[in-house]
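Survey of secondary and tertiary structure
Each chain, letter by letter, is given below.
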Amino acid sequence: MIEINNFLTSLQGCNSMQKLKKIHAQIYVNGCHSYPSIAEKLLNFCAVSVSGDLSYARVLFGQIEHPLVSAWNSIIRGYSRSPFPFEAILLYNRMIQEHCCRPDNYTFSFLLKACGKAKADKKCREAHGSIIRQGCLSDVSVCTNLVRSYGVNGSVETAKKLFDEMHEKDLVAWNSMISCCSQAGLHTETMEIYDQMRTSSVEPDEFTVVSLLSSCAHLGALRFGVEMHKFAEENGFTGNVFVGNALIDMYAKCGSLERACQVFSRMKRKDLSTWNSIIVGLGVHGCGDGAIGFFRQMLGEGVRPNSITFIGLLSGCSHQGLVNEGVEYFHMMRSEFCLNPGTKHLGCMVDLFGRAGKFEDALHLIENSDTADDPILWRTLLSACRIHKNVAMGEVALRNLVRTNSQNAGDCLLMSGIYADTGDMQGVSRMRKMIKYQGIMTTPGWSWIEIDGFVHKFIVDDKSHKDIKEIHSKLKEMIQKAALTGYVEERSSASGVQSTVEYSEEWKGNSNNYHSEKLAIAFGLARTPPGTTLRIVKNLRVCRDCHLLTKFISKAFDRKIVVRDRVRFHHFKDGICSCRDFW
């Protein structure tokens, strides 16, 4: 017994597999390996410890003749945290099928973690039934893992229903539900759950802040993001690298590059994601030179880039028209860092060549890539043809979209705009017929604006807002003032269809005044004091008329207006846009 206690004490202080193997050898020589307490201690270290070895744990587990539930829990837990979560599910199945022992709260918690990682929704639901039958649903940890598993598997409504029914909710439970909604893209709901959390007197931690900042970034809710930044500073969270990265991402996506750079410069610890956040942020704002500067600084500090780094670099080069630099970094991916360009990198290069009018280079790149049938590449080429009014190349791009059965309403509207710009009314008519007879659905446009901490959403021709009369009145004033400074509504000759109709939110020519961003800007002008910067988030590319009007509004009302559309940021000030009318 003394010898067994000595071995247990040795295992308690074990911190490496090398040391464990020596202890294991002594245990085996002394014939103590069959004692359950020792066998489980060995197994637990190998399966669960950071210094452990899961394959060694599997061998140890196989040597236990009648494993108790604690042994099953150790091996299931180990695999649930590994790159092979499906193995945890198989072990659980074996445990049930062999009637070895009854699973407990810990077993279910580890199983549900594995279901989340393995995207095993069916198994999650099956486990839910077993949990109810065994009366484990009252356990906070089990219920929290069930919520998380449902959320990861896309069953957000089920997760929310289960969460609402929980009698006891700790910080981990709230974080799971907030993260679930944020990752599912339900950012408004994320904010609502956070409000409920605060009224429940549960204080947020770093994990809460990261999820909330992610939702702020997607919504463009800068004011709320600033409040979270202040909260993080007051509670000492800003030293956490994940919080710092989330702050950089939030500020960049909310159009505040200066603050993003400030957060970056103050971070004492930086990882690859930190560098990527600032480089990608600069890239989507069209600051190619800035992205290149940070990239060189990153290399100077010995940080190796990954594919995301180059997306930011190439995006910045594309938006700023840095063709030579873009080509250099595109080749650098393979030659210096052995990174194979993906569709997004190729898309940036097609955009770069297309914007510069180098259509043959863009076409050659697509046709010689491994993803030549990817609609993103042909759609990007089609967008570039709109800028240069290149009908012939636009038709090549559209034919390939049709060939791969990938064409959508936006593509047809875009090609129609190219035809309209060159006076080809027959081409416009063909595009109209294609949309009509093929039943292609258009994507409804929407815009968000944050006012006084609340995010307001507008859709095209929106009449649902409770202050719509005030908004329409301001919209009329807005257009009149813009007209006095030189604005003239831009339309093509194609029956009143906009020349960039692919990005408009309606096929009808008489709806220009009611595009979602116009309504959002009008609301922002009506509800904020003079001099306040307006920040708009839009799901589609801004159309040419809206872009033109926003420039004149920025001058007429002496406002800075930041618009984040589907592709990039537009910073309007004094009648000028940062994109230089090239987007």
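Here is what the cut-offs are and how they apply
Residues numbered from 1 in each chain as written. Predicted model: local features only at pLDDT ≥ 70, side-chain atom pairs only at ≥ 80, totals over all residues. Heavy atoms only, no water. Helix = DSSP H or I, 4+ residues; strand = E, 2+ residues; numbered from the N terminus. Buried < 20%, exposed > 50% of the residue type's maximum accessible area, 1.4 Å probe, protein only. Contact = heavy atoms within 4.5 Å. Expected span 1.5 Å × (residues − 1). Polar contact = N/O pair within 3.5 Å; in protein donor to acceptor, adjacent residues only side chain to side chain. Core = buried A, V, L, I, M, F, W, Y, C linked by side-chain atoms within 4.5 Å. Phe/Tyr/Trp six-rings, centres within 6.5 Å; stacked < 30°, edge-to-face > 60°.

1. Some remarks on the environment of F310
Mapped onto the fold, F310 is located in helix α19 (residues 307-320). We classify F310 as buried; its relative accessible area is 0%. Beyond its immediate chain neighbours, meaning those up to four positions away, F310 contacts F295, P305, Y329, M332, M333, F337, L339 and H345.

2. Things to note about helix α17 (residues 272-284)
Counted at 1.5 Å a residue, the expected span for α17 with its 13 residues is 18 Å, and the 18 Å between its end C-alpha atoms agrees. The N-capping residue of α17, defined by a side-chain oxygen 3.1 Å from the backbone nitrogen of S273, is D271. Remark: G286 follows α17 within two positions and exhibits a positive phi of approximately 80°.

3. Considering the nonpolar core
Core analysis: the largest hydrophobic core is formed by 146 residues, its most contacted members being I76, M250, F295, F310, Y329 and L381. Setting aside chain neighbours within four positions, we find I76 in contact with A88, L91, Y92, M95, T107, F110 and L111. A520, V563, F572 and C577 belong to the second largest nonpolar core, which has 28 residues in total.

4. What about the packing of aromatic side chains?
Summed over the entire model, instances satisfying the criterion amount to 13 aromatic pairs. Ring centres 5.0 Å apart and planes at 80° place the aromatic pair F163 and W174 in the edge-to-face group. Here F163, found in helix α10 (residues 156-165), pairs with W174, found in helix α11 (residues 171-183); they are 11 residues apart in sequence, far enough to count as distant. For F163, a relative accessible area of 1% gives the class buried. Classification of W174 by relative accessible area gives buried; the value is 4%. Here F264 and F294 contribute two aromatic rings whose centre-to-centre distance is 5.1 Å and whose plane-to-plane angle is 85°, an arrangement assigned as edge-to-face. On the criterion of sequence distance, the pair formed by F264 in helix α16 (residues 257-266) and F294 in helix α18 (residues 288-300) is long-range, its members being 30 residues apart.

Note that every value here comes from positions in space, so none of it alone points to a role or purpose.
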